[in-house]
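Observations on the model geometry
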Amino acid sequence: MAGRQKGNRDWQPETAAVHAGEFVDPATRASSPNLVMSVTFAPEAVAGFSARDEQGYDGYVYSRVASPTVAQLEAKLAALEGAEAACCYASGVAAAHALICGRLGRGDHVILPDANYVAIAELARDTLPRFGIEVSLVDLANPDEVASAIGPNTRMLWLETPANPTMKLCDIALLARLAHDRGVRDVAVDSTYASPIATKPLALGADFVVHSLTKYIGGHGDAMGGAVLGRKAELDALRLEANVHFGGVLSPFNAWLILRGAATLPIRMRAHEDAALQVARFLETHPAVSRVLYPGLSSHPQHELARRQMRNFSGMMTFQTKAAGPEVAARMVKELEIIHYAVSLGHHRSLIYWIGTEDIEASSFRHDAEGRRRYRDYAGDGVFRLSVGIESADDLIADLSRVL
Ligand code: PLP
């Protein structure tokens, strides 16, 4: 979609977050981005009907292909991530589906983590094999395991770091090099937990980045969205297939909300990290807590990698309690005053949720005995997933103290 994406990729993140993709509206001189809900656009001359005819056309035709407010968000995201281009979708999962099914076909092989965000884990286990896509599930923290899973038909390596909910990291630069050297075409990174403020997977050698915009980038828990970022030629091709044929595109209204949220991403990420570090240190010394996993703590088993790969440790952590998790969770539902006991993450308000190992194994991971042991060893046997918001750390600590 040549000519539609504006933004200066040399800006610092704070400036890109506010200005990239935005411009004063030439018709009204409006300073803030317009919300353009129009589905169709009147061309100035007779134009072709196929979406293929729109390639290279510097205007809009039909909003399943591209639309102005979504394009403004795409330009802002591309600038924040240091990508040539971005395509937005209706959710993070829609973005993952667009990329995986837009790039792979029958007989292709994809390698994914043995534990990652549950809906993508289920997509890998249940859906992709039905369409003839071979799947291998590996421990990304073990490069030898990744190397030995690569075969002649391996087209994609899918990474997620830090992973939801294990808090396990993987070394993007090392794995991207390893995969490309062995002929794997696509290295994709789900960077939702890190956000573009913490980690820039493309600069580390990945080909694609996927974000759930529902999380840190939108940041306010009021709009679902997802994005794929990468090179322009590949994203133009993806747009023609995933937008036009799969159709899971982002609503302009959600794009407008996410544009507004993204403007404060850099300062929010600093606030998330600052509060999360204080909460993690509090939890680590609390007598009712047996273990905390937060990349910013020196006790995180991959803290050195976190320091190398993350410029911000983000607000995500897990912890375990000495008392049975479900009992503590029941108290949280009733007694927490600030933190919401609810799923999701990366919002300005803090969220906590109990994730039982049996549940997640039955619904999503379905490890064998060895895989289950490995999951438990790293992540813990049942964890509280805490997404620290941007409230005062003192108030969050007081809220947690009450229920612990
Ligand atoms: N990737 C990660 C790491 C996530 O945590 C999530 C949602 O929690 C998703 C992808 C999916 O995003 P969405 O809920 O916007 O579809």
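The structure this text deals with has already been given above.
The present account deals with the structure reproduced in this document. All values reported here derive from a predicted model rather than from experimental measurement.

Another point: unusual backbone geometry. Look at the link from Thr161 to Pro162: it is a cis peptide, with omega at -15°. Within the secondary structure, Pro162 is located in the loop between strand E4 (154-160) and helix H7 (172-181). Of note, the amide linkage connecting Asn164 to Pro165 takes the cis form, showing an omega dihedral of 0°. Mapped onto the secondary structure, Pro165 falls in the loop between E4 and H7. The phi dihedral of Ser195 falls on the positive side, at around 70°, and the residue is not glycine. Here Ser195 is to be found in helix H8 (residues 195-198). Given a relative accessible area of 0%, Ser195 falls into the buried group. Positive phi is not limited to glycine here, since Arg366 has a value of about 45°. Within the secondary structure, Arg366 sits in the loop between helix H14 (357-365) and helix H15 (369-379). Using a relative accessible area of 39% as the deciding quantity, one classes Arg366 as partly exposed.

In this section: empty space enclosed by the protein. Tallied over the full model, the rule gives two cavities of 30 Å³ or more. When its volume is computed, the largest cavity comes out at roughly 140 Å³. Around the largest cavity, the lining is made up of 17 residues, and of these Asp114, Ala115, Asp139, Thr166 and Lys168 lie nearest the centre. With four residues, the single largest contributor to the lining of the largest cavity is H15. Of the residues in the lining of the largest cavity, the class split is nine nonpolar, three polar and five charged. There are two domains that each give the lining of the largest cavity at least three residues, and those are domain 1 (73-262) and domain 2 (265-403). The space that makes up the second largest cavity amounts to roughly 60 Å³. If you trace the second largest cavity, you find it lined by Ser63, Arg64, Val65, Ala66, Ser67, Val70, Glu74, Cys88, Arg239, Asn243, Val249 and Leu250. Mapped by element, the contributors of at least two residues to the lining of the second largest cavity are helix H3 (68-81) and helix H9 (232-246). Grouping the amino acids of the lining of the second largest cavity by side-chain chemistry returns six nonpolar, three polar and three charged.

Conventions and cut-offs
Residues numbered from 1 in each chain as written. Predicted model: local features only at pLDDT ≥ 70, side-chain atom pairs only at ≥ 80, totals over all residues. Heavy atoms only, no water. Helix = DSSP H or I, 4+ residues; strand = E, 2+ residues; numbered from the N terminus. Buried < 20%, exposed > 50% of the residue type's maximum accessible area, 1.4 Å probe, protein only. 1 Å grid on protein atoms, 1.4 Å probe; cavity = no way out; pocket = protein on both sides within 12 Å on 5 of 7 lines; lining within 4 Å. Points joined across faces, edges and corners; volume = space filled by probe spheres on them. Nonpolar A, V, L, I, M, F, W, Y, C, P; charged D, E, K, R; others polar. Domains from an automatic or database assignment.

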